[in-house]
Amino acid sequence: MSDTPPVVYAGPKRILSGVQTSGQLHLGNYLGAIVKFVRLQEEAECFYFLADMHAITVWQDPDKLADQMREVAAAFIASGVDPAKAAIFPQSAVPEHAELAWIFNCVARLGWLDRMTQFKEKSGQHKERSSVGLYTYPVLQAADILVYKATHVPVGEDQKQHLELTRDIAQKFNNDFGAQGFFPITEPVIEGPGARIMSLRDGAAKMSKSDPSDNSRINLLDDADAMATKIRKAKTDPEPLPETLDELKARPEADNLVGIYAALSGVTKAQALTEFAGKGFGAFKPALADLTVAKLGPIGAEMRRLLADPAEIDRVLKIGVEKARAVAAPVVADTKRLVGFWSPKP
Ligand code: TYM
């Protein structure tokens, strides 16, 4: 056994996350990720990007892709991400992501990717017709994170496995290239009742933009009537709300609505229950609808205002790209040196 202790990462705390630009953002994206982006920007340097390279792992209309990207940028800003504190930028505008992803494709093992449940879900019955990009998607995600040596990544529960893969890739790279402590072993930030928001139609399925039923989700750009109607129609059961969390466990739809209420009001589920225990959904749903409209209504309105001036959004994005490249380029240069790639003699 060696006497030298393992070298641990000693770089600064850095926060990073990304959201795919593949269409409408919903309440799950907001509570699982964007709310945390806003809170964390007070704590360290932040990088929040628009994952357009991940979006094209399934077909995207080229005429819409850039506008979809601006819509996600508008959602970040309207929700309170401050471009002066956090770099906001399109992934495809920072080529270092793709460059590092290739190196990581040669570090990650096939067996690791074979275990990824999201690929299995997304490729469904037609694995052989899926893009190769969909398969190596988590490797690009690892590159997104490590190209900034990000130490903390706020995401929803569904990204947990991808974050574990990122840690494995960092560890293996550091070991293989004799570079302990070069890449950090990134911590996921998955917390609170917003980390896993379920469909309004089925408490066993995640709220998702790919669900064919629009009633299954609240979109950030829904108007107040649509939000209230979707909550009124949300699947529930006939029982009143219980007093304890334990009693909610067997009632996934009720559990989900209580979780949404708690996450939107910034309290725990137990605290939300004390307010509504013993009351039926006839009382709870209107309260939840009012809260949802009060929180999301102004965000949707601000998104519309921002989207009316795409040049202003682009100005913010250009600054974000510059900030991002300033950090990413030296990391890729150091990585290439460790791998042994050629660089001209001085
Ligand atoms: P995406 O675009 O599917 O989702 C964006 C963020 O929203 C969270 N989320 C949810 N949280 C709670 N409940 C839900 N129902 C729900 N649905 C989505 C996701 O967990 C995510 O945080 N692979 C990522 C994008 C990505 C990324 C990265 C994230 C690419 N590179 C690097 C972090 C770091 C994705 O598809 O997220």
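Right above here is the structure, for reference.
Thresholds, definitions, all that
- Residues numbered from 1 in each chain as written.
- Predicted model: local features only at pLDDT ≥ 70, side-chain atom pairs only at ≥ 80, totals over all residues.
- Heavy atoms only, no water.
- Helix = DSSP H or I, 4+ residues; strand = E, 2+ residues; numbered from the N terminus.
- Rg over C-alpha atoms; globule rule 2.2 N^0.38 Å.
- Buried < 20%, exposed > 50% of the residue type's maximum accessible area, 1.4 Å probe, protein only.
- Contact = heavy atoms within 4.5 Å.
- Areas by Shrake-Rupley, 256 points an atom, 1.4 Å probe, with all protein chains shown as cover.
- Near = heavy atom within 4 Å.
- Polar contact = N/O pair within 3.5 Å; in protein donor to acceptor, adjacent residues only side chain to side chain.
- Nonpolar A, V, L, I, M, F, W, Y, C, P; charged D, E, K, R; others polar.
- Core = buried A, V, L, I, M, F, W, Y, C linked by side-chain atoms within 4.5 Å.
- Domains from an automatic or database assignment.

Turning our eyes to something else, we now look at the overall build of the chain. Looking only at helices and strands, one finds 14 helices and five strands in the chain. Taking 20 Å as the expected radius of gyration for a compact globule of 346 residues, we find that the chain reaches 21 Å, a close match to that expectation. Along the first, second and third principal axes, the C-alpha set of the chain runs to 75 × 55 × 45 Å. Across the 346 residues of the chain, 48% fall into the buried class. Taking contacts inside the chain between residues at least 6 apart in sequence as the whole, the part at least 24 apart equals 76%. As displayed, the chain has an accessible area near 16500 Å², and 55% of this comes from carbon and sulfur atoms.

Turning to the site of the ligand, a few remarks are in order. Around the ligand, the structure places 27 residues, and the nearest of them are Gln-20, Tyr-137, Asp-144, Asp-158 and Ile-197. Gln-159 places a polar side-chain atom, nitrogen or oxygen, 3.1 Å from a nitrogen atom of the ligand. For the ligand, whose accessible area on its own is 710 Å², the fraction buried by protein is 97%. Those elements giving two or more residues to the shell around the ligand turn out to be strand E1 (14-20), helix H1 (27-40) and helix H7 (132-146). Of all the elements, E1 adds the most residues to the shell around the ligand, at five residues. Residue composition of the shell around the ligand, by class: 11 nonpolar, 12 polar and four charged.

Right, let's talk about the nonpolar core for a bit. Tyr-48, Phe-76, Leu-241, Ile-260 and Phe-284 are the most contacted members of the largest nonpolar core, which has 58 residues in total. A per-element tally of this core places helix H13 (residues 281-307) first, with nine residues. Two domains each put at least three residues into this core: domain 1 (14-196 + 310-339) and domain 2 (214-305). Leave out the neighbours within four places in its chain, and Leu-241 touches Leu-248, Arg-251, Ala-254, Val-258, Leu-273, Phe-276, Ala-277, Gly-278, Lys-279, Phe-281 and Phe-284. Judged by nonpolar contacts, the second largest core, of 45 residues, contains Phe-47, Ala-101, Trp-112 and Ala-328.

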